[in-house]
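So the chains spell out like this:
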Amino acid sequence: MLDRDVGPTPMYPPSYMEPGMGRPTPYGNQTDYRIYELNKRLQNWTEDCDNLWWDAFTTEFFEDDAMLTITFCLEDGPKRYTIGRTLIPRYFRSIFEGGATELFYVLKHPKESFHSNFVSLDCDQCTMVTQNGKPMFTQVCVEGRLYLEFMFDDMMRIKTWHFSIRQHREVLPRSILAMHDPQMLDQLAKNITRCGLSNSTLNYLRLCVILEPMQELMSRHKTYSLSPRDCLKTCLFQKWQRMVAPPAEPARQAPNKRRKRKVSGGSTVSSGGGNNNNSNSKKKSPANSFSLSSQDVMMVGEPTLMGGEFGDEDERLITRLENTQYDGANGLEDEDSFNSSPALGAHSPWNNKAPSSQESKNDNSQSSQ
């Protein structure tokens, strides 16, 4: 075969050999093996393949949010096209619609890198080979750099596809040049692709510049069954709201209010006459009037944490349990049960009976006389 530009060019071998032909069986999770499976799937293409076949092909090898980017340079300057998952099937289909009958990728010295949730494959010497049957039999070899990102899971699907085209070659069989037809030779001297891409693929990429921003309209039309005009009005109104609405300020957290720990002052109770020398004038509960001679009385303060105290957000729910067996009217005021208590001894300060209200009134009247 002959190269149009640089003369004889060797044939490019297939991307990978079959395991039975000398190549060992690769592991299922290797990125280069995924490219081998992609090439093998593309070899099963026939002219009867419809949109469902191409959509199944894309679902098998590309993530739902995958992005495909193609960069190259034409006569009018560099070009860059990026399409999403919805438009990827039609991109590969356009290559075959442009006259290609076979498509595969050859990777030479790829570099694989593992990341947190994906595996990247960077190949600086990648060749996309297409066999074209029309308008004449031609082999197109597109050289460039291919960068892929595979999701690190069992399916190993592609999330990012970036192919940067540097140059291309079109190879013709020598038998065609044996024909001495001047018109045929003039036709053979012209390239059938531009930068390795057919006119069908280039036109589709230009169309994707319009189709990619319209994905929101298409999705809304498919979901809500609105007319194109209503979909456009709704999308423009929502975009206008996002532009007019002020940026949302980050929610400010209220400062944590720390409670100071209450220092409980112990009450001093004299054992002789029962006089209390406490500075607090608050009403005391009956339990505070008892005096334990064997151990100190400790007051429970606020709950604390290591390194700080509880705030308002750290308040814990305290439930109150009522003692239904306790009767307030027959509690400590029940003289019979109180006098029969074994805690009362001969020298106990509680042994002295408090005067009744009637006796205290009589004493006061005698003292006044």
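In this report, we go over the structure that sits alongside the text. Because the structure is a prediction, the values reported are computed rather than measured.

### Details of empty space enclosed by the protein
Counted by the stated rule, this structure contains 1 cavity of 30 Å³ or more. For the largest cavity, the calculated volume is near 70 Å³. Lining the largest cavity are I95, A100, M128, T130, N132, T193, G196, L197, S198 and T201. Here the element with the most residues in the lining of the largest cavity is strand β7 (residues 118–132); it accounts for 3 residues. Taken together, the residues of the lining of the largest cavity break down into 4 nonpolar, 6 polar and no charged.

### Focus on the packing of aromatic side chains
Counted by the stated rule, this structure contains 17 aromatic pairs. Between F62 and F92 the ring centres are 6.0 Å apart and the planes differ by 50°, which places this aromatic pair in the tilted class. Within this pair, whereas F62 is found in strand β3 (residues 62–74), its partner F92 is found in helix α3 (residues 88–97), the two being separated by 30 residues in sequence. Ring geometry for F62 versus W161: centroids 5.9 Å apart, planes at 45°, classification tilted. Pair noted here: F62 is in strand β3 and W161 is in strand β9 (residues 158–172), with a separation of 99 residues, a long-range link. Each member of the pair, F62 as well as W161, is classed as buried.

### As for the pattern of salt bridges
In total, this model carries 10 salt bridges according to the counting rule given. A salt bridge links E60 to R41; its shortest N-O distance comes to 2.0 Å. Of the two residues, E60 is situated in helix α2 (residues 51–61) and R41 in helix α1 (residues 31–43); the sequence distance between them amounts to 19 residues. A relative accessible area of 32% means that E60 is categorised as partly exposed. With a closest N to O distance of 3.1 Å, R93 and E97 form a salt bridge. Residue R93 and its partner E97 are located together in helix α3, separated by 4 residues, close to a single helical turn.

### Considerations on the nonpolar core
Formed by 49 residues in total, the largest nonpolar core has its most connected members in F72, F92 and W161. For this core, the element with the highest residue contribution is β3, accounting for 6 residues. Residue contacts for W161: discarding those within four places in its chain leaves L38, F62, M67, L68, T69, I70, Y105, L146, Y147 and L148.

### Focus: the environment of E216
Along the polypeptide, E216 turns up in helix α7 (residues 215–224). On a C-alpha basis, the gap between E216 and L232 in space is 9.3 Å, while along the polypeptide they are 16 residues apart.

What counts as what
- Residues numbered from 1 in each chain as written.
- Predicted model: local features only at pLDDT ≥ 70, side-chain atom pairs only at ≥ 80, totals over all residues.
- Heavy atoms only, no water.
- 1 Å grid on protein atoms, 1.4 Å probe; cavity = no way out; pocket = protein on both sides within 12 Å on 5 of 7 lines; lining within 4 Å.
- Points joined across faces, edges and corners; volume = space filled by probe spheres on them.
- Helix = DSSP H or I, 4+ residues; strand = E, 2+ residues; numbered from the N terminus.
- Nonpolar A, V, L, I, M, F, W, Y, C, P; charged D, E, K, R; others polar.
- Phe/Tyr/Trp six-rings, centres within 6.5 Å; stacked < 30°, edge-to-face > 60°.
- Buried < 20%, exposed > 50% of the residue type's maximum accessible area, 1.4 Å probe, protein only.
- Salt bridge = Lys/Arg side-chain N within 4 Å of Asp/Glu carboxyl O.
- Core = buried A, V, L, I, M, F, W, Y, C linked by side-chain atoms within 4.5 Å.
- Contact = heavy atoms within 4.5 Å.

Honestly, that's just the spatial picture; any functional story needs more than this.
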